[in-house]
Amino acid sequence: NAGVTQTPKFQVLKTGQSMTLQCAQDMNHNSMYWYRQDPGMGLRLIYYSASEGTTDKGEVPNGYNVSRLNKREFSLRLESAAPSQTSVYFCASSLRQGLAYEQYFGPGTRLTVT
Amino acid sequence: GESVGLHLPTLSVQEGDNSIINCAYSNSASDYFIWYKQESGKGPQFIIDIRSNMDKRQGQRVTVLLNKTVKHLSLQIAATQPGDSAVYFCAETLSGYSTLTFGKGTMLLVSP
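Anyway, here's the lowdown on the structure attached to this text. Please read these numbers as outputs of a predicted model, since none were measured by experiment. (Residues numbered from 1 in each chain as written. Chains lettered and ligands numbered in written order. Predicted model: local features only at pLDDT ≥ 70, side-chain atom pairs only at ≥ 80, totals over all residues. Heavy atoms only, no water.)

The next point concerns the overall build of chain B. Helices and strands together make up the secondary structure of chain B, namely 0 helices and 10 strands. Put simply, chain B runs from its N terminus to its C terminus through helices and strands in the order β-β-β-β-β-β-β-β-β-β. Relative to a compact globule of 112 residues, whose C-alpha radius of gyration would be 13 Å, chain B shows 14 Å and is just as compact. A burial count over chain B gives 45% of its 112 residues as buried. (Helix = DSSP H or I, 4+ residues; strand = E, 2+ residues; numbered from the N terminus. Rg over C-alpha atoms; globule rule 2.2 N^0.38 Å. Buried < 20%, exposed > 50% of the residue type's maximum accessible area, 1.4 Å probe, protein only.)

It is worth spelling out the packing of aromatic side chains at this point. For the structure shown, the criterion picks out 10 aromatic pairs over all chains. On the numbers, 4.5 Å between centres and 50 degrees between planes, the contact of Y25(B) with F33(B) is tilted. Judged by relative accessible area, which is 1%, F33(B) ranks as buried. Feature note: the residues Y33(A), Y35(A), Y48(A), F105(A), Y36(B), F46(B) and F102(B) constitute an aromatic cluster, connected by ring pairs. (Phe/Tyr/Trp six-rings, centres within 6.5 Å; stacked < 30°, edge-to-face > 60°.)

Of the pockets and cavities examined, the largest pocket occupies roughly 320 Å³. Considering the residues around the largest pocket, the lining is formed by 19 residues, among which E59(A), E92(B), L100(B), T101(B) and F102(B) are closest to the centre. Put simply, the parts of the chain that give the lining of the largest pocket at least two residues each are β5 (42-49) of chain A together with β8 (86-93) and β9 (101-102) of chain B. The leading source of residues in the lining of the largest pocket is β5(A), at 3 residues. Across the lining of the largest pocket, the residue classes tally to 7 nonpolar, 8 polar and 4 charged. Space inside the second largest pocket adds up to approximately 160 Å³. What lines the second largest pocket is simply K37(B), I47(B), Q60(B), R61(B), V62(B), I77(B), D84(B) and Y88(B). Tallied by class, the residues present in the lining of the second largest pocket amount to 4 nonpolar, 1 polar and 3 charged. (1 Å grid on protein atoms, 1.4 Å probe; cavity = no way out; pocket = protein on both sides within 12 Å on 5 of 7 lines; lining within 4 Å. Points joined across faces, edges and corners; volume = space filled by probe spheres on them. Nonpolar A, V, L, I, M, F, W, Y, C, P; charged D, E, K, R; others polar.)

Contacts between chain B and chain A engage 26 residues on the former and 22 residues on the latter. Buried area between chain B and chain A, both sides added, is near 1,900 Å², and the carbon and sulfur share of it is 60%. The largest share of the area that chain B buries against chain A comes from P44(B), S98(B) and F102(B), three residues that together contribute 26% of it. At the surface where chain B touches chain A, the tally comes to 0 salt bridges. At the level of secondary structure, the elements contributing two or more residues to the side of chain B that touches chain A comprise β3 (32-38), β4 (45-51) and β8 of chain B. In terms of residue count, β3(B) provides more of the side of chain B that touches chain A than any other element does, 4 residues in total. By residue class, the composition of the side of chain B that touches chain A is 12 nonpolar, 11 polar and 3 charged. (Contact = heavy atoms within 4.5 Å. Buried area = accessible area lost by both parts, 1.4 Å probe. Salt bridge = Lys/Arg side-chain N within 4 Å of Asp/Glu carboxyl O.)

Attention shifts here to the environment of T93(B). All names here are of chain B. Within the fold, T93 resides in strand β8. Given the relative accessible area of 4%, T93 is considered buried. Considered as a pair, T93 and E15 are 78 residues apart in the sequence and their alpha carbons are 33 Å apart. Of the polar contacts made by the side chain of T93, one reaches the backbone oxygen of T99; its length is 2.7 Å. (Polar contact = N/O pair within 3.5 Å; in protein donor to acceptor, adjacent residues only side chain to side chain.)

Here it is in structure tokens:
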């Protein structure tokens, strides 16, 4: 049982490049989330998916898109990367639809945009 | 990882001391609160939670206190160990909501 896995672990992009961050969970959770973490800012929610087939914007969605590919997988896409998107990105999942209880986090992707 | 700690409030303690980490939450309607621990280079891990119908909840070496009057949470760690060194976040939500709101975090440094 691997929990929440994220790929890649590290990535460097040039301004304007695109990429997709991958996330998968093997806990049969219904809800999945993408956060970014910046120094001194805590975790800020980018997008979430309360259940398979639904996605909603969080606090900081601009510049990102998401896809809930199936119950296990939730990807985050940067269409045209900007230096302001340099951050650590965390994916998380939780068991029950509509409840944020006990979110389980992946190890993070460290993204640098130059 | 280490970049998370920049500009964070820091609490430095000696091994064996009791630690108290504080958090002011933002929404008076929030009714569920969680403490997370984040070690360097890792994702946050659940420590303990509390519902708004409680003032105190105890776990193994940890206690969470909730003061709804002043919208304040605290995490007490007994007999702090070097392995407790991490950034600690509180998070709040309202029952039925899908999302958590996280605080900015406090770095705990434990010296042997």
